[in-house]
Protein chains: 2
Amino acid sequence: MIHITIVEDSFDAREGFRYLLSLDSEVRIVGSFDRAETFIANKDVVDRTDIVLMDIELPGITGIEATRILSAMKPDMNILILTIFAEREKIVNAIQAGAKGYLLKNNDPRDLLSQIKSVHSGGSALSPLAARTLLEELYEKHEIRKEPADYHLTHREIEVCRLIVEGDTYREISDKLSMASATAKKHILNIYRKLDVNSRVTFMKKVFEENLLE
Amino acid sequence: MIHITIVEDSFDAREGFRYLLSLDSEVRIVGSFDRAETFIANKDVVDRTDIVLMDIELPGITGIEATRILSAMKPDMNILILTIFAEREKIVNAIQAGAKGYLLKNNDPRDLLSQIKSVHSGGSALSPLAARTLLEELYEKHEIRKEPADYHLTHREIEVCRLIVEGDTYREISDKLSMASATAKKHILNIYRKLDVNSRVTFMKKVFEENLLE
DNA sequence: GGGTATCTACACCAAATGGTGTAGCGTTTC
DNA sequence: GAAACGCTACACCATTTGGTGTAGATACCC
């Protein structure tokens, strides 16, 4: 039995869900709220809930904020965002808040039951549009993180870089790499010249901002 | 009319898809290959293809590599990965390569047509398991830029932090903030104590890794 | 009033850093 | 064989940095 709570400010929509879910004997509604605060305050219902159908636009705190709070309270609870909004920002924020699904209300309501079951068995449910948005987000993230500019650092210099980032001094670096500290220093100054920096701080800034290591 | 190409090394699977797709008059198969190289080399078919049903395990180059190549050749082509593999790495790589969907073969084959149409109209299609994997990936990525821990830095100390990050020395910081360089130094040492670091480098590392500024 | 916190300021010291030289040795490239 | 590059090593220098003191002024809280 899957225990479901509905958080939705429209009475009609709540009743619509109630009817839809009543068609399946595997699910049962354990709570129905018109605002998230009431649900969050009701610890009994929170504890008993497996899946939340959460609207985004609510009086009081938004569904996304509620998702954040509820995910922290009960990490194994699956929150399914149900909304008419397909904006990138809302979608990404909802997922970041811990939502396990993002469905647009204009989708066929008959699919909802199968999507609830997918989520209950460890999957996630995304409307095609939300899925595309997230895919693009992931695609861009990976795009950005690659192609670090090539400063033609030698193998040895890269080793030295890693140790600088660890906070090692000339001496510590030279000890770890079995060289004279003067050599470590020479390497570092060469690195600085290649990266066009002139201090540990500006070096670190460049490394992190341009993702030069890892 | 949606023009589809199938890349799948199993003859039976190809015929299965062919039959399934023949049930819908809106789609039409324009190509069918047992390996990706043949498809990629056939520019005519590539140009006519709207959607590719792509297997991952193929003789020769993998479906993921093929996806990367085809995405570059024809960016508006939608590639749908169809596979039995649900490993996180394959899923993420496929999306990174530009796939617009990732479906597991054990899903109901009757859903395939509706998912193809979703993808054709600008959406993406993900099996619940693949969706969950990607959500987790995105969630973790965003987790990294979580709420920065509060080290109780004072307002003045935060100003100093910003200047440290810019690479300023004690003297430069004190000049910009109109204080004695000894004071800037005092602030910095206090900051170090609060952040539990002991050098510019370890300070920078903490700032960037924990997203303390911005 | 007394305690706490913030911002300010200075002194002293050892260590690390940045900058510039020079130079030997081995490998790769032309 | 010469040139270029990479890795090594040392000298010398001024500056910066990390660390530890002390201490006055202000403000806020109990």
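Presented here is a report on the structure given in the accompanying data block. Bear in mind the structure is a predicted one, so any value in this text is a computation, not a measurement. As a convention, each chain's residues are numbered from 1 in the sequence order in which they are written. As a convention, the first chain written is A and the first ligand written is 1, with the rest following in written order. Residue-level local features of this predicted model are given only where pLDDT is at least 70; pairs of side-chain atoms are given and counted only at 80 or more, and the full residue set underlies all totals for whole chains, interfaces and linings. Side-chain metrics in this entry use all non-hydrogen atoms of the structure; hydrogen atoms and water are not considered.

1. What to know about the side chain of N78 of chain A
Filter applied, for reference: In this description a helix means any DSSP run of H or I spanning at least four residues, a strand means any run of E spanning at least two, and both kinds are numbered starting from the N terminus. Classification of residues uses two cut-offs on accessible area relative to the type maximum, computed with a 1.4 Å probe and protein chains only: under 20% is buried, over 50% is exposed, and between them is partly exposed. Between N or O atoms, a polar contact is any pair within 3.5 Å; within protein, one atom must be a potential hydrogen donor and the other a potential acceptor, and residues adjacent in sequence are included only when both atoms are from side chains.
With respect to the helices, strands and loops of the structure, N78 of chain A is situated in strand 4 (residues 78-83). Judged by its relative accessible area of 10%, N78 of chain A falls in the buried class. Of note is the side chain of N78 of chain A, whose polar atom sits 3.2 Å from the side chain of R132 of chain B.

2. Looking at the packing of helix 1 (residues 11-22) of chain B against helix 6 (residues 111-120) of chain B
Residues and elements named next belong to chain B. Stated precisely, the cut-off is as follows: Angles shown run from 0 to 180 degrees and are taken between the N-to-C directions of axes, each axis being a line fitted to C-alpha atoms and, for helices, limited to the stretch in contact. For classification, angles of less than 35 degrees are called roughly parallel, those exceeding 145 degrees roughly antiparallel, those between 65 and 115 degrees roughly perpendicular, and all remaining angles oblique. Contacts are assigned to residue pairs that have any heavy atoms within 4.5 Å of one another. Only Asp, Glu, Lys and Arg are considered charged, only Ala, Val, Leu, Ile, Met, Phe, Trp, Tyr, Cys and Pro nonpolar, and every remaining residue, Gly among them, polar.
Where helix 1 contacts helix 6, the axes come no closer than 9 Å and their chain directions differ by 75 degrees. Classified by the interaxial angle, the pair formed by helix 1 and helix 6 is roughly perpendicular. Contacts from F17, L20 and L21 of helix 1 reach helix 6 at L112, L113 and I116. Residue composition of the contact of helix 1 with helix 6, grouped by class: 6 nonpolar, no polar and no charged.

3. Some thoughts on the nonpolar core
Going by this rule: Residues belong to one nonpolar core when they are buried, are Ala, Val, Leu, Ile, Met, Phe, Trp, Tyr or Cys, and are joined through side-chain atoms within 4.5 Å.
Among the nonpolar cores identified, the biggest contains 65 residues, and M54 and Y102 of chain A together with F39, M54 and Y102 of chain B are the most heavily contacted of them. Other than its neighbours up to four places away in sequence, F39 of chain B contacts T5, V7, F33, V45, V46, T49, V52, L70 and M77 of chain B. With 43 residues, the next largest nonpolar core counts V160, I164 and Y192 of chain A together with I188 of chain B among its residues.

4. Regarding the side chain of E137 of chain A
Positionally, E137 of chain A belongs in helix 7 (residues 128-145). Discounting chain neighbours no more than four positions away, the residues touching E137 of chain A are R88 and V92 of chain A together with L138 of chain B.

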